[in-house]
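Structural overview for review
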Amino acid sequence: MLLYDGSEILVEVASARITGVVFLPLLGSLLDAIISIESDWDVLIDIKNGIKDPNNRLSSWKGSNYCQWHGIDCENDTRAIVSIDLRNPYSRWNAYNNWSLMSLSGEIRPSLIKLRSLQYLDLSFNSFDDIPIPQFFGSLKNLQYLNLSYAGFSGAIPSNLGNLSNLQYLDLSSRLPYLFANNLEWMVGLVSLKYLHMNGVDMSMVGSDWVEVLNKLPYLTELHLSGCNLFGSISSPSFINFTSLAVISISYNNFDSKFPQWLLNISSLVFIDVSFNYIYGMIPLGLMELPILQYLDLSWNRNLRGSLSQLFSKSWRKIEVLNLRRSNLYGAIPSSIRDFCNLKYLNMKETGLSGKLPEFPNKTRGCDSESPLPNLTYLDLSYNKLSGKLPEWIGQLQNLVDLHLSHNFLQGWFPNYIGRLCHLQFLSMDSNNLKGSLPKSLEGIQNCGPKTLPNLTTLCLSNNQFDGELPEWLSRLENLVELSMSHNKLQGPIPASLGTLQHLTSISLARNELNGSLPDSFGQLSELSYFDVSCNRLAGSLSEEHFSKLIRLNELHLGSNSFILNVSSNWIPPFQLFELGMNSCNLGPSFPTWLQSQKKVWDLDLSNASISSCIPNWFWDISSNIVRLNLSHNQLQGQLPNPLNVGPTAYIDLSSNLFEGPIPLSNQYIQLLDLSNNFFSGPIPLSIGEFMPYLSFLSLSGNQIIGPVPPSIGHMRIAAVIDLSRNSLAGSIPWTLSNCSHLIVLDLGNNNLSGTIPQSFGSLRLLQSLHLRNNKLSGELPFSFCNLSNLETLDLSYNRLSGNIPAWVGAAFMNLRILNLRFNAFTGGLPFELSNLSSLHVLDLAGNHLSGTIPPTFGDLKAMDQEETINKYLLYGRLAGHYYEERLVVSTKGQILEYTKTLSLIVSMDLSNNKLSGEFPKKLTNLRGLVILNLSSNCINGSIPENISGMRQLASLDLSSNKLSGVIPRSMSSLSYLGYLNLSNNNFSGVIPFIGQITTFDACAFYGNPGLCGAPLVTKCEGENQDQGQSTIDQEEENDNGFIDEWFYLSVGLGFAVGILFPFFILAFKRSWCEAYFSFVDKIVNKLGLARRGATNGRNQRG
C-alpha cells in the first residue's frame, strides 16, 4: 500500500532539481504525508469495522482511493480527510421503513481522533443503540461542523466538547429523554460557535442561567432549544452580547414567564419562536419595531394577551410568518392589516377574535400591488367569534392557498368570488351560520383558465344552513380530494357528475335533506376511502355497480336512509371496510352473506335493517376485530354464542331483537353490553362482574331473567349505567353494588326484589338516577341517601317502604327533578322542607298514609313556578352514542302513562289517596308551570281560589273525593290547556260556569256535588223559569232578526231576477234591439278569440 500510494510522490521528488539542503526537510514532510495517508485509510477501515451496516451503505469503502468513498471528502493537495458525512438520507418520522433499512448502528472507534484534519462530521439520523457520545469527540481540535442529531446517542453530553474552539455548527438534537445536560458551562469554550441546535435534549437540570452562558458566545447566529424541558422564568442577561443572533427557537418548553424583553434589543433578529409554553402578560409592542423580523411564533401561550388594534397599528413591513394561535387576543381585526405587504402566513386560530372582518375602503399603502395582503398564502381565523358577512377583499387574495374560517358565527351566503382564488387548495367554512343556496356559478373562472378552482383539493362547508341543490360546478373541481357538506339543509338529488371526480378520497354529505337515489357513477371513484351520505331522504336500490371500483374504501356510511341492497348471494365486495353503517337500510330478511369477506371491520352498525334470521356461525369467526357492534332493532333470532367473540373494549348493542337462551359473557374486557328487550331467560351469570369488570354500560332490561342480582356485579367498579329493570329478579339487593363508585344510573325497577335498600348506597356520590319502583322493598328511606347530592331522579314507587318522609330530603337533593314515592306505606305529615327542592318538576306522594295539611310553602317550589316550553331529553351515561333515557310513569287525565322523550315538559304534583286535611292551599296557585295537579281522595276542605286561572299550563286537575265547598270559580273557564277535570264527590254548590274550557267536560266531572246545578248536569238551578222567560225574549228577538234576514235575501233574489229577466223581455218584444245587441256581443267574442289565437301562435313560434 505504501509503495502504491507513495510512488507518485517519490517520482516527483526524484525528478525535482533541488539541492540536498532543501531536499531533506521536504522529504521529511512528504514522508509524514505518506504516513498520514496510510493512517487515514486504516482509520476508515477501523471505523467501518465498528459500524453495523445492514443495507451496505458503506459498500464503496474498499480499494485504495478512499477519497472517492461514499461520504468522504479530502483536501485536494494532501488528500487528508476533512469531511465524513454518514447522515441517513431518510427520516424516521417521514419514511420509517426506509430509515430503518438505511440506519447505521454499532460503535464509533476511537481511531477517529487520528484524522487530525477532520473539519466536518455528520452522523445524524442513525441509530447508535443508545450509546453515549464518545468522549474523544472533544479531541477533534479542527472540527468546525458536528451533527449528531437524532443519531441514537444517549446519556450526558460530554463536557469536553467545549474544547472544540473552532466549532461553528453543533447539532445534538435528540428525542427525549435520550440526551441530557447537567449544565452548559462547557459551552463557554465554543468561542467560534454560530449555530447551536439542541432540540429535545433534557436541560431540566440547567436552570435559568442558560441565557447568561449562551450570551458569552459572540458569534452565535442561530439558537434552537425546542423541547428541552426548560422551565421557570426566562432570565435577562446583564448585558446583550447576542449581536449576531438572527434565530431563536425556545418552543415546547415549560417557561412560566413574561415575554423576554431583552429580545427587543437585538435588532438582528429574523426568527423568533416561543410557542407551546406558559408565557403570560401582554404581547410587547416593541416586536413591531424589530427592523428585519420575518418570522414570529407566539402560538399556544394561552395567557399571552394582546390588543389587535395596538398590535397591528404598524405595518410590520418585513414580517412573513405571524402565528398567534391560542394566544388571548381581544378586539376586532383592524383594517391596517391590509398593509402587511410581505405577510405570507397568518394564523389567529382560537384567539378569541370577535366582531366583523374589516373592510378595506382605501388602497394598500407601500406595497407594489394594489390588492391587500398581496403575498398571503395561508390564512387561519377559525375557532373564533367572528360575525357578519365575508368581505369582498378575500376574493382579491390572489396568492392564497389555504383559507380556514370554520367554527365562527359568519353569516350571509357562500361568496361566489371564491372562484377568483386560482391558487386555492384548502377551503374550510364549516360550523358557521352561512345560509341560502350555493351559487350556481362562481366569479372569476376566466382568471384561472378554463377550469374552476383548478388547485382546490379540500372543500369543507359542513354544519351551516345551506339549502337548495348541489351546484353543477362542484363536479368541475377536477383536483378535489375531500368534499364535506354534512349537517346542512341541502335538498334535491346527488348529481351523478360528482362520480367523475377521480381524485376524491373523502365525501361527506350526511345529515341533509337530499333525496332521490344514489348515482351508480360513485362506484367508479377508485381512490375513495371515506363515503358518508347517512341521515338523508335517499332511497332506491343499491347494486354491485355502486361499489364496483371502490377498492380503497375503508369507511361506508349509508344509514338512516331507505336504501334497499340488491346484490347476489355470492357477491364479494372489492373493498375491505373498517367501518360500515347501514342502519335503517333494507338488508334482510337474511343476514348479509357478503359480510363474510370483511375481515378488517371494527365498527359495524346494521341496526333496524329488516334482518329476521339467525346470525350465522361464520360471523362469530370474523368478529374478533369488532369493537363496535350494533345489530339492534331487528328480528334476529336464536341463541348467542357463549362467550361472545369480539375485540377488546368492545361496545355491543343487540337490543330489541328476538334472541333467547342464557345471558352470554365475553371473551374480552368490553365496555358496553346492551341485551335489552329480547327473550333471554335464566339467571344472570354469577361471575358476570369478574368476566366483565370494565363494563361502563350494562342493560339487560325487558327480558325474562330470573334469580338474584349476583354480588359479583360489584366488580364493575367503573360502570356508569346498570339497568336490570323489567325482569323477574328476586332476592335482596346486593350491597356490593355500592362498590360501583362511578355509577350514574341504577335501574332495578319492575322486578320482585325484596328486603331493605342497602345503607351502603349512600357512597354512590355520582348517582343521578335511581329506579327501584315496583318491587317488594320494605323498611325506611336510608339516612345515607343524604350524601347523594347529585341525584336528579328518585323513583321508589310501588314498594312497601314505611316511616316518615325525612325532612333532610329537602336539604340533601338540591338537584332533584323527580321524587316518586307513590304507593308505599309512608306515614306522618308532609315536611315543609320539601319546598326547598328548587329543581323539582315532579312530586308524586300518592297512595301512602300521609296526614296533616299541605304546607303552604309548597307554593314556593321554584321549578314549578316556571313554564316549561323547551323540551330537553333527559339522557344519562352517554357512551359512544348510547345512553340511558330517563322514563317515568305518571298518573294524568285519569290514566297511567309512561313518559320518556317529553318527560322534561311534565310538571306534576300528585298527593292523592292519602289522609291530608285542611284547606286548599291558596299558594299552590303560584305554581304557574304546573301541568298536572292531583289532590283527590283526601279530606281537603275550603274552596278553590279564584286566581287558579293563573295556572295557565294546567292540563289535568283532579280534586275529586275531598270536602271542598263553595262555588266553582268562573275564572277556570280560561284554562285553555285543561284537558281533564274531576271535581266529583265534593260539596261544591251553585251554578256550574259552563262557558269557555268548562264546556269541554261532561257531567262526570261534577257528579257527587249535591249543591251544583246547571249544564252539563241535569239538575236545574233555582230561578230557571226566569231564565226560561228571558230565553223566550231572546228567541223572539232572534225570530225578529230572522224575519229581517229573510226579507234581505228575498230582496236580493228579486233584484237578481229582475236584472236578468227585464232585458230578456225587452229584447223579446223588440226584434231590432235584439239583433243589434247580439251582433255587438258576437263582435266582442270574435275579437277575444282572435287575440287569444294570436297569443298562442306567438308562443308556439318562440318555442
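Residues numbered from 1 in each chain as written. Predicted model: local features only at pLDDT ≥ 70, side-chain atom pairs only at ≥ 80, totals over all residues. Heavy atoms only, no water.

As for the overall build of the chain
The line we're drawing: Helix and strand definitions here come from DSSP, where helices need a minimum of 4 consecutive H or I residues and strands a minimum of 2 consecutive E residues; each element is numbered from the N-terminal end. For each residue, the accessible area found with a 1.4 Å probe, counting protein chains only, is set against the maximum for its type, and the residue is called buried under 20%, exposed over 50%, and partly exposed in between. Residues are treated as being in contact if the distance between any of their heavy atoms lies within 4.5 Å. Throughout, the Shrake-Rupley method with a 1.4 Å probe supplies accessible areas, and for residues the shown protein chains are the sole cover considered.
In terms of helices and strands, the chain carries ten helices and 72 strands. Looking at the chain as a whole, 51% of its 1103 residues qualify as buried. Put simply, of all contacts in the chain between residues at least 6 apart along the chain, 57% involve residues at least 24 apart. When the accessible surface of the chain is summed, it comes to about 49400 Å², and 52% of that surface belongs to carbon and sulfur atoms.

Brief notes about the state of the cysteines
Linking two cysteines covalently through their sulfur atoms gives a disulfide. Going by this rule: When two cysteine sulfur atoms are found within 2.5 Å, that pair is recorded as a disulfide.
Taken as a whole, this structure holds three disulfides when the rule is applied. One disulfide in the model links Cys 422 with Cys 448; its S-S distance is 2.0 Å. Linking Cys 422 and Cys 448, the disulfide has an S-S dihedral of approximately -85° and is accordingly described as left-handed. Here Cys 422, found in the loop between strand 26 (409-410) and strand 27 (426-428), pairs with Cys 448, found in the loop between strand 28 (435-437) and strand 29 (458-460); they are 26 residues apart in sequence, far enough to count as distant.

Considering the nonpolar core
This is how it is decided: Working definition of a nonpolar core: buried Ala, Val, Leu, Ile, Met, Phe, Trp, Tyr and Cys residues. They are joined through side-chain atoms within 4.5 Å.
Ranked by size, the top nonpolar core spans 303 residues in total, and within it Leu 112, Phe 137, Trp 210, Ile 272, Phe 813, Met 909 and Phe 1006 carry the most contacts. When neighbours within four sequence positions are excluded, Trp 210 is seen to be in contact with Leu 184, Leu 223, Leu 225, Leu 230, Ile 234, Ile 250 and Phe 255.

Section: the pattern of salt bridges
The condition that has to hold: In what follows, salt bridge is the name for a side-chain nitrogen of Lys or Arg lying within 4 Å of a carboxyl oxygen of Asp or Glu.
By the definition in use, this model includes 22 salt bridges. One salt bridge connects Asp 603 with Arg 628, and the closest N-O pair in it is separated by 3.9 Å. Taken together, the residues span a long stretch of sequence, with Asp 603 in strand 40 (residues 603-605) and Arg 628 in strand 41 (residues 628-630) at a distance of 25 residues. Asp 603 sits in the buried class, given a relative accessible area of 14%. The partner of Arg 773 in a salt bridge is Asp 795, and the shortest N-O contact between them spans 3.6 Å. Taken together, the positions of Arg 773 in the loop between strand 52 (769-771) and strand 53 (776-779) and Asp 795 in strand 54 (residues 793-795) put the pair 22 residues apart, joining distant regions of the chain. A single burial state applies to Arg 773 and to Asp 795, both of which are buried.

Here we look at the environment of Lys 258
Note that Lys 258 resides in the loop between strand 14 (254-255) and strand 15 (271-273). Among the residues examined, Lys 258 registers a relative accessible area of 53% and is labelled exposed. Between the C-alpha atoms of Lys 258 and Ile 279, which are 21 residues apart in sequence, the distance is 5.3 Å. Look past the residues within four positions of Lys 258 in its chain and what remains in contact with it is Ile 279 and Tyr 280.

Things to note about the sheet that holds strand 32 (residues 489-492)
Keep this limit in mind: DSSP-based pairing: two strands are paired if at least 2 bridges between them are found. To get an axis, fit a line to the C-alpha atoms, keeping to the stretch in contact for a helix; angles then go from 0 to 180 degrees between the N-to-C directions.
Overall, parallel pairing links the six strands, which are arranged 28-30-32-34-36-38 in an open sheet. Whereas interior strands pair on both sides, the edge strands pair on one side only; in this sheet they are strand 28 and strand 38 (562-565). The average undirected angle you get between the axes of adjacent strands in this sheet is 20°. Across two bridges, strand 30 (residues 465-468) lies against strand 32 in parallel orientation. Its bridge partner being in strand 32, Gly 468 is matched across the sheet by Leu 490.

Some words on the side chain of His 771
With respect to the helices and strands, the residue His 771 is situated in strand 52. The class for His 771 is buried, based on a relative accessible area of 3%. If near-sequence neighbours (up to four positions away) are discounted, His 771 is found in contact with Leu 746, Asp 747, Leu 748, Gly 749, Thr 793, Asp 795, Tyr 884, Glu 886 and Arg 887.

What to know about the confidence of the model for the chain
The cut-off we apply is this: Note on scores: pLDDT gives the predictor's confidence for each residue, bounded by 0 and 100.
Averaged over all residues, the pLDDT of the chain equals 88, while 89% of them reach at least 70. Counted against residues more than four places away or in other chains, residues 1-37, with its pLDDT under 50, gives 17 contacts. Under a pLDDT of 50 for its full length, residues 1025-1103 has, in the predicted model, five contacts with residues more than four places off or in other chains.

Let's talk about the packing of aromatic side chains
Rules: Between 30 and 60 degrees the pair is tilted, below 30 it is stacked and above 60 it is edge-to-face, where a pair is any two Phe, Tyr or Trp rings, Trp via its six-membered ring, whose centres lie within 6.5 Å. Note on geometry: a ring has a charge over it if NZ (lysine) or CZ (arginine) is within 6 Å of the ring centre and within 35 degrees of the ring normal.
Applying the stated criterion across every chain, the model contains 35 aromatic pairs. When the centroid spacing of 4.0 Å and the interplanar angle of 10° are considered together, the rings of Phe 271 and Tyr 295 count as stacked. Taken together, the residues Phe 271 in strand 15 and Tyr 295 in strand 17 (residues 295-297) connect sequence positions 24 residues apart. For Phe 271, a relative accessible area of 21% corresponds to the partly exposed category. Pairwise contacts between aromatic rings join Tyr 120, Tyr 145, Tyr 169 and Tyr 195 into one cluster. The ring centre of Tyr 66 lies 5.6 Å from the NZ or CZ of Arg 79, which sits over that ring. Residue placement shows Arg 628 over the ring face of Tyr 651; its charged tip is 5.6 Å from the ring centre.

Quick notes on the sheet that holds strand 22 (residues 354-356)
Sheet architecture is open: three strands sit in the order 22-24-26, paired in parallel fashion. Because the sheet does not close on itself, it has two edges, and the strands there are strand 22 and strand 26. The sheet contact formed by strand 22 and strand 24 (residues 385-388) spans three bridges and is parallel. Paired with Lys 356 across the bridge in strand 24 is Ser 387.

Some points on the pairing of strand 30
On strand 30, burial follows the alternation: Phe 466 and Gly 468 on one face are buried, whereas Gln 465 and Asp 467 on the facing-out side are not. In the sheet, strand 28 pairs with strand 30 via three bridges, with the strands oriented parallel. In the sheet register, Lys 435 faces strand 30, and the bridge partner there is Gln 465.

Topic: the environment of Ser 437
In this structure, Ser 437 sits in strand 28. For the pair Ser 437 and Gly 468, spaced 31 residues apart in the sequence, the C-alpha separation amounts to 4.8 Å. Contact partners of Ser 437, with chain neighbours within four places excluded, come to Trp 413, Asp 467 and Gly 468.

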